[in-house]
Amino acid sequence: MRRPRSLLLHLVGAVWYRRTSLASTEHARAEAEDKERQRWARELAGLLVEAKLPYARASQGKADEDLRCCRGLRAGTLEQRISCWRPFRRWLVTQGFGPWPRSTQDVLDYLAVRRAEGAPRTAYASLVGALRFLEEAGEVAPADRLHAAPAVANAVREHALTTAEAVSKGLLSTPAKR
């Protein structure tokens with residue numbers, strides 16, 4: 001009998017194997033990766049343009065052609081960062097703040113909402129990682145980057161700790177136990 005972790009690794013491997021097996025040659029696999037990267041690059045550029053970040057102003061409508069925002073990352077990494085960003089963006093828009101956080105307080109408020117929802121311990125670091133990636137890809141000046149704010153770093157550490165303690169005390173279940 002397989003353990004849950006090994007089963008997950010087996011399934012993830014099966015997905016990767018299926019994707020790569022569809023492309024019969026190395027050239028076809030490279031083309032498939034490039035096509036997937038282009039897809040995520042367009043979505044990333046769209047997010048940066050929507051947020052009116054410096055990258056969007058510098059590319060002046062050529063965001064689809066200018067892929068420097070991808071920072072040399074592979075399609076899977078772009079997908080992961082964008083997927084972690086989407087719920088935060090959706091929350092910002094529904095709160096009437098627009099597609100980009102106005103201040104550190106918006107990030108802190110969202111982290112508190114995620115904590116109240118019982119988000120897993122890693123959700124906080126994933127959000128801040130996505131925010132960091134989008135700020136760097138969007139060419140936000142280092143002094144204006146929200147992910148580097150001490151309040152955000154402290155909140156992430158605190159929420160992760162309290163979530164881990166709640167799980168260990170049985171007050172909160174882990175995703176595997178839900």
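All figures in this text were calculated on a predicted structure; none of them were measured in a lab. Residue numbering note: each chain is counted from 1, following its sequence as written. With the structure being a predicted model, the display of local features is reserved for residues of pLDDT at least 70 and the display and counting of side-chain atom pairs for 80 or more, all residues being used for whole-chain, interface and lining totals. By convention in this description, side-chain values take in all heavy atoms of the structure and omit both hydrogens and water.

The next thing to look at is the packing of helix α4 (residues 75-94) against helix α5 (residues 104-117). Relative placement of two packed helices is described by the angle separating their axes and the distance separating the axes. Packing of α4 against α5 leaves a shortest axis separation of 11 Å and a crossing angle of 110°. In terms of their interaxial angle, α4 and α5 are classed as roughly perpendicular. For the pair α4 and α5, the contacting residues are P87, F88, W91 and L92 in the first and D106, V107, D109, Y110 and V113 in the second. Each residue is assigned to one class: nonpolar for Ala, Val, Leu, Ile, Met, Phe, Trp, Tyr, Cys and Pro, charged for Asp, Glu, Lys and Arg, and polar for all the others, Gly among them. Here the residues of the contact of α4 with α5 are counted per class, giving seven nonpolar, no polar and two charged. Lines fitted to C-alpha atoms define the axes, with helix axes restricted to the stretch in contact, and inter-axis angles between N-to-C directions lie between 0 and 180 degrees. Each helix is a run of DSSP H or I of at least 4 residues and each strand a run of E of at least 2, with the numbering of both proceeding from the N terminus. What sets the label is the angle itself: under 35 degrees gives roughly parallel, over 145 gives roughly antiparallel, 65 to 115 gives roughly perpendicular, and the rest give oblique. Only heavy atoms matter for contacts: two residues are in contact if any of them lie within 4.5 Å across the pair.

Quick look at the environment of E50 now. Of note, E50 is situated in helix α2 (residues 26-50). A C-alpha to C-alpha distance of 9.1 Å links E50 and G98, two positions 48 residues apart in sequence. Apart from the residues within four sequence positions on either side, E50 is in contact with R89 and P99. Whenever a nitrogen or oxygen atom comes within 3.5 Å of another N or O atom, the pair is scored as a polar contact, on the condition that within protein one atom can donate a hydrogen and the other can accept it, and that pairs from neighbouring residues in sequence are kept only if both atoms are in side chains. Only 2.6 Å separates the side chain of E50 from the side chain of R89, close enough to count as a polar contact.

As a further point, take the confidence of the model for the protein. When pLDDT is averaged along the protein, the result is 82; 78% of the residues meet or exceed 70. Taken element by element, the protein is modelled with least confidence in helix α1 (residues 4-22), mean pLDDT 51, and with most confidence in α4, mean pLDDT 95. On a scale of 0 to 100, pLDDT captures the predictor's confidence in every residue.

On the secondary structure map, Q38 appears in helix α2. C-alpha separation for the pair Q38 and R74, spaced 36 residues apart in sequence, amounts to 9.9 Å.

Turning to the nonpolar core, a few remarks are in order. Joining through side-chain atoms within 4.5 Å is the link that ties buried Ala, Val, Leu, Ile, Met, Phe, Trp, Tyr and Cys residues into a set, and such a set is a nonpolar core. Each residue gets one of three labels from its accessible area relative to the maximum for its type: buried under 20%, exposed over 50%, partly exposed in between, using a 1.4 Å probe on protein chains only. Counting residues in hydrophobic clusters, the biggest one holds 38 residues, and the most contacted among them are L44, L48, C69, W85 and F88. Among the secondary structure elements, those contributing two or more residues to this core are α2, α4, α5, α6 (122-137) and α7 (150-168). Sequence-distant contacts of L48, that is, excluding residues within four places in its chain, are made with L53, Y55, A56, C69, L134, A137 and G138.

For residues other than glycine, phi is negative in most cases, and the peptide bonds are mostly trans. Here the phi dihedral of K52 falls at roughly 60°; this positive angle occurs in a residue that is not glycine. In this structure, R71 is a non-glycine residue whose phi angle is positive, near 55°. According to the relative accessible area criterion, R71 is partly exposed, its value standing at 42%.

Mapped onto the elements of the fold, D106 is located in helix α5. A distance of 2.7 Å separates the side chain of D106 from the backbone nitrogen of R102, its partner in a polar contact. Once residues lying within four places of it in the same chain are set aside, the contact partners of D106 are F88, W91, L92, F97 and P101.

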